[in-house]
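Analysis of the macromolecular model
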Amino acid sequence: MTERIAVVGAGIVGLAVARELARTRGAVVTVLEQENQVGAHQTGHNSGVVHAGIYYTPGSLKARLCREGVALLRAYCQEHRLPYEEVGKLVVASTTAERSGLRALADRARANGVPGLTELDALALREIEPHAVGVAALHSPHTAICDFPAVARSLAREVAELGGSVRLSHPVRAIRERAGKVELVAAMRRFTFDRLVVCAGLGTDRVAAMAGRQGDVRIVPFKGEYFSLGEHARSLVRGLIYPVPDPRYPFLGVHLTRHIDGEVLVGPNAVMDLRALRWPGTWRLAGQHWRTGVRELYGSLVKGAFVRAAQRYVPALTAADLRRAEGGVRAQAVARDGRMVDDFVVDVHGPIVLVRNAPSPAATSSLAIAKHIAGIVPALSG
Ligand SMILES: Cc1cc2nc3c(=O)[nH]c(=O)nc-3n(C[C@H](O)[C@H](O)[C@H](O)COP(=O)(O)OP(=O)(O)OC[C@H]3O[C@@H](n4cnc5c(N)ncnc54)[C@H](O)[C@@H]3O)c2cc1C
């Protein structure tokens with residue numbers, strides 16, 4: 001019996017899942033997307049970095065699916081002639097106090113199987129990034145950049161070629177389970193499917209509530225703002241320059257990233273969206289970080305803060321080199337007790353599979369997440 005499966009959300013995760021279900025299970029797949037283009041949210045507004053797996057807790061889904069995802073994505077880009085460039089990443093300790101954090105990160109990266117790592121001193125790091133400064137650095141030569149929106153468009157084309165459809169301007173507004181099937185309403189039409197996979201990013205809570213599966217975490221939006229380097233300053237950054245991250249939260253800190261189109265971005269910061277204050281976890285999260293004095297969550301929006309963050313690693317940059325660029329909004333799950341959910345989370349509720357948390361590196365990991373999900377969408381009996 002041919003399965004009819006709906007996927008909510010035409011971001012890179014939803015499209016990768018749709019392609020995988022069509023390709024490996026022969027399902028007839030329908031992707032329902034509220035916007036009039038694919039990749040309109042996180043997928044189209046991120047740093048464009050194919051993470052190598054440096055940061056994630058060994059054994060976690062993030063660690064495993066990131067490494068698998070890199071291999072799949074590299075092969076996918078090659079096969080479909082999409083840009084993929086191993087520009088390499090330096091994680092830079094800018095003070096001696098950050099050395100121990102850098103060493104712990106190197107151990108973690110090795111445990112995760114990140115290839116080609118080297119630990120560099122102040123002089124050696126300048127051979128990789130001649131305009132960067134720091135007391136030490138970790139170099140990951142295979143960390144890459146790619147064009148995630150182009151990957152999303154390619155996946156959408158494949159879904160259509162495999163007999164599925166991607167329906168744009170189809171916001172899902174109601175969901176009901178009946179007799180083991182899933183009925184839903186999108187763009188004033190009623191659809192019936194055997195299975196439903198929700199990959200709705202910032203819309204996850206709303207779609208989960210429609211399905212009567214609200215759960216005990218909520219998505220809190222964290223705005224990430226970027227500045228872009230003027231053309232004359234771009235040569236100051238060859239690849240990717242990152243700080244040693246603060247282990248207290250899952251964001252990587254303001255970094256300098258070369259994009260596939262040659263643009264170099266500075267950012268993103270992480271500004272909590274106060275519209276999420278109805279969830280007690282948001283208050284608790286804010287309270288905890290307020291007390292420990294972590295400023296980044298309330299990120300100074302002023303240009304000076306970005307200039308200082310960039311100059312810490314590339315001192316030759318000046319305020320005149322930075323101009324504001326388009327930002328993105330992260331969908332980060334927060335538990336009731338204020339804990340930011342670190343790992344990817346996928347729940348199965350009868351015929352409905354809900355991706356509850358797919359923050360960075362979910363774009364890098366998307367093809368591996370898709371395999372993981374295709375393996376847990378319940379098969380039709382009989
Ligand atoms: C600032 C920033 C920097 C990042 N940097 C990186 C990076 O360098 N590398 C990396 O790997 N990851 C990075 N990420 C994370 C990465 O972008 C996301 O993890 C990934 O794009 C998630 O994909 P998605 O398909 O789950 O979500 P999205 O791309 O957000 O897609 C969700 C889709 O669901 C749709 N939707 C929601 N509700 C409904 C509804 N009711 N009906 C129909 N459609 C609906 C939305 O319109 C949207 O298109 C970054 C994220 C941000 C924001």
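Details of the structure are given in the entry above.
Residues numbered from 1 in each chain as written. Predicted model: local features only at pLDDT ≥ 70, side-chain atom pairs only at ≥ 80, totals over all residues. Heavy atoms only, no water.

A word on the packing of aromatic side chains
For the record, the criterion: Classification of ring pairs uses Phe, Tyr and Trp, with its six-membered ring standing for Trp, and accepts pairs whose centres are within 6.5 Å; under 30 degrees between planes counts as stacked, over 60 as edge-to-face, and the remaining range as tilted. Each helix corresponds to a stretch of at least 4 residues labelled H or I by DSSP, and each strand to a stretch of at least 2 residues labelled E; elements are numbered beginning at the N terminus. Any residue under 20% of the maximum accessible area for its type is buried, any over 50% is exposed, and the rest in between are partly exposed; the area is computed with a 1.4 Å probe on protein chains only. Working rule: Lys NZ or Arg CZ, within 6 Å of ring centre, within 35 degrees of ring normal, means a charge sits over the ring.
For the structure on display, the rule yields four aromatic pairs. Taking 4.8 Å as the distance between ring centres and 50 degrees as the angle between the ring planes, the aromatic pair formed by Phe 227 and Phe 306 counts as tilted. Residue Phe 227 is found in strand β14 (residues 217-229), and its partner Phe 306 is found in helix α8 (residues 303-313); the two are separated by 79 residues along the sequence. Accessibility classification places Phe 227 together with Phe 306 in one group, the buried group. The positively charged end of Lys 89 is found above the aromatic ring belonging to Tyr 242, 3.7 Å away from the centroid.

As for the side chain of Glu 33
Operational definition: Positive charge is attributed to Lys and Arg, negative charge to Asp and Glu, and no charge count is given to His or to the chain ends. We define a salt bridge as a contact between a side-chain nitrogen of Lys or Arg and a carboxyl oxygen of Asp or Glu at a distance within 4 Å. Any two residues whose heavy atoms approach within 4.5 Å are treated as being in contact.
For Glu 33, the location among the structural elements is in the loop between β2 (28-32) and β3 (49-50). One buried charged residue, Glu 33, remains without a salt bridge, the closest side chain of opposite sign being Arg 206 at 11 Å. Excluding its chain neighbours within four sequence positions, the residues that come into contact with Glu 33 are Gly 9, Ala 10, Gly 11, Arg 167, Leu 168, Ser 169, His 170 and Pro 171.

Some thoughts on the pattern of salt bridges
Overall, the coordinates contain 20 salt bridges when judged by the stated rule. In this structure, Glu 177 and Arg 213 form a salt bridge, with 3.1 Å as the shortest nitrogen-oxygen distance. One end of the pair, Glu 177, is in strand β10 (residues 172-178); the other, Arg 213, is in the loop between α6 (204-210) and β14, and 36 residues separate them in sequence. Judged by relative accessible area, which is 34%, Glu 177 ranks as partly exposed. Among the ionic pairs, Glu 225 bridges to Arg 324, the shortest N-O distance being 4.0 Å. With Glu 225 in strand β14 and Arg 324 in strand β19 (residues 322-335), this pair connects stretches of sequence that are 99 residues apart. For Glu 225, a relative accessible area of 9% puts it in the buried group. Where salt bridges share partners, they join Arg 4, Lys 181 and Asp 194 into one cluster.

Concerning the site of the ligand
How we decide: Residue proximity to a molecule or strand is established when one non-hydrogen atom of the residue lies within 4 Å of it. Polar contacts here mean pairs of N or O atoms no more than 3.5 Å apart (in protein, one a potential hydrogen donor and the other a potential acceptor; neighbouring residues in sequence count only if both atoms are side-chain atoms). Surface accessibility follows the Shrake-Rupley procedure with a 1.4 Å probe radius. Residue values consider only the protein chains on display as shielding. Residue polarity follows a fixed list, in which Ala, Val, Leu, Ile, Met, Phe, Trp, Tyr, Cys and Pro are nonpolar, Asp, Glu, Lys and Arg are charged, and the others, Gly among them, are polar.
Surrounding the ligand, one finds 39 residues, the nearest of these being Glu 33, Thr 43, Val 49, Ala 358 and Thr 364. At 3.2 Å, a backbone N or O of Ser 47 approaches a nitrogen atom of the ligand. Relative to its unbound accessible area of 1,000 Å², the ligand is 97% covered by the protein chains. Among the elements of the structure, α1 (12-25), β19 and α9 (362-374) are those that each provide at least two residues to the shell around the ligand. Counted by class, the shell around the ligand contains 19 nonpolar, 17 polar and three charged residues.

Here we look at the pairing of strand β15 (residues 240-243)
Applied cut-off: Whether two strands pair comes down to DSSP finding at least two bridges between them.
Burial of the side chains of β15 extends over both faces: Leu 240 and Tyr 242 are buried on one face and Ile 241 and Pro 243 on the other. The pairing of strand β5 (residues 89-93) with β15 spans four bridges and is parallel. Within β15, the position partnered with Leu 90 by the bridge is Ile 241. Note that β15 and strand β16 (residues 255-258) share two bridges and pair antiparallel.

Some details on the nonpolar core
Worth spelling out the cut-off: Among buried residues, the Ala, Val, Leu, Ile, Met, Phe, Trp, Tyr and Cys ones that are joined through side-chain atoms within 4.5 Å form a nonpolar core.
Core analysis: the biggest nonpolar cluster contains 69 residues, and Val 17, Leu 73 and Val 197 have the highest contact counts within it. Here Val 17 is in contact with Val 7, Val 197, Cys 199, Ala 370 and Ile 373, once residues within four sequence places are set aside. Listed in part, the 24 residues of the second largest apolar core include Leu 90, Leu 229, Ile 241 and Val 307.

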